[in-house]
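Coordinate inspection notes
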Amino acid sequence: MTRTPAPAPLHWKLVIDAGDPHAQADFWAAALHYTAEDNSALVERLLSLGALPGEATVEYHGRPAFRDLIAVRHPDDPCDPETGTGLGRRLLFQRVPEAKTGKNRLHLDLHPGEGLRADEVARLEALGARVLREVTEPSGAWVVMADPEGNEFCVQ
């Protein structure tokens, strides 16, 4: 009997709409201890080929970047050396014209570790997040927070 090999897991990224993708990337890179991707080599290559107009770029931390997109990635995960694009755990922030208007249908849960929630909440508040409410239920306790653009997330 011939076995069909199991399909490989899909590569994915979480895409988050943002009014200011670069500010969101800075917040979430700091919040998660992630690294903002450096796509400057790709941006420069596309500019030199005329495939990307200059107005589609900005300076981000002293290097050229896409104006409307920026990602953060886990620092231990690999990235494509030619594009700077992460090949593992990533959050991609994309510029949208409208502000957030409703409750998230998807959110991140941060797990700082046993007994570390209060310190982590304070650290995230110092980065620009705000506490929305504290929850205590039979299933556990957590703090619901909002990032600088109002996207909810939880700290366990």
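See the structure shown above.
This one's a predicted model, so the numbers in the text were calculated from it and none came from an experiment.

Turning next to the packing of aromatic side chains. Within this structure, the stated rule accounts for three aromatic pairs. For the pair Trp28 and Phe153, a centre-to-centre distance of 4.9 Å together with 70° between the ring planes defines the contact as edge-to-face. Taken as a pair, Trp28 in helix 1 (residues 21–32) and Phe153 in strand 10 (residues 152–155) lie far apart in primary sequence, 125 residues in all. By relative accessible area, which is 3% here, Trp28 ends up buried. Residue Phe153 is classed as buried on the basis of its relative accessible area of 1%.

Within helix 3 (residues 117–127), burial applies to Glu120, Val121 and Leu124. Each buried residue of helix 3 sits inside an arc of 100° when the element is viewed along its axis, so together they form one side. Summarising the geometry of helix 3, the exposed residues directed more than 90 degrees from the buried face are Ala118, Asp119 and Ala126. Its buried side turned inward, helix 3 meets helix 1, strand 7 (109–110), strand 8 (130–137), strand 9 (140–146) and strand 10. Immediately downstream of helix 3, the backbone of Gly128 shows phi near 120°, a positive value.

Rules behind the numbers
Here, residues in each chain are numbered from 1, in the same order as that chain's written sequence. Totals for whole chains, interfaces and linings use every residue, but because this is a predicted model, local features are given only for residues with pLDDT of at least 70 and side-chain atom pairs only at 80 or more, for both listing and counting. Side-chain numbers come from the whole structure's heavy atoms, not from hydrogens or water. Here is the rule: rings of Phe, Tyr and Trp (six-membered ring for Trp) pair when centre to centre is within 6.5 Å. Planes less than 30 degrees apart are stacked, more than 60 are edge-to-face, and the remainder are tilted. Under the DSSP-based scheme used, a helix requires at least four consecutive residues in state H or I and a strand at least two consecutive residues in state E, with every element numbered from the N terminus. Only protein chains enter the accessibility calculation, which uses a 1.4 Å probe. A residue is then buried if its area is under 20% of the maximum for its type, exposed if over 50%, and partly exposed in between. Working definition: the arc comes from the directions between the helix axis and the C-beta atoms, pointing outward to the latter. Residues count as neighbours in contact if any of their non-hydrogen atoms are within 4.5 Å of one another.

Everything listed here is a matter of geometry and, on its own, says nothing about what the molecule does.
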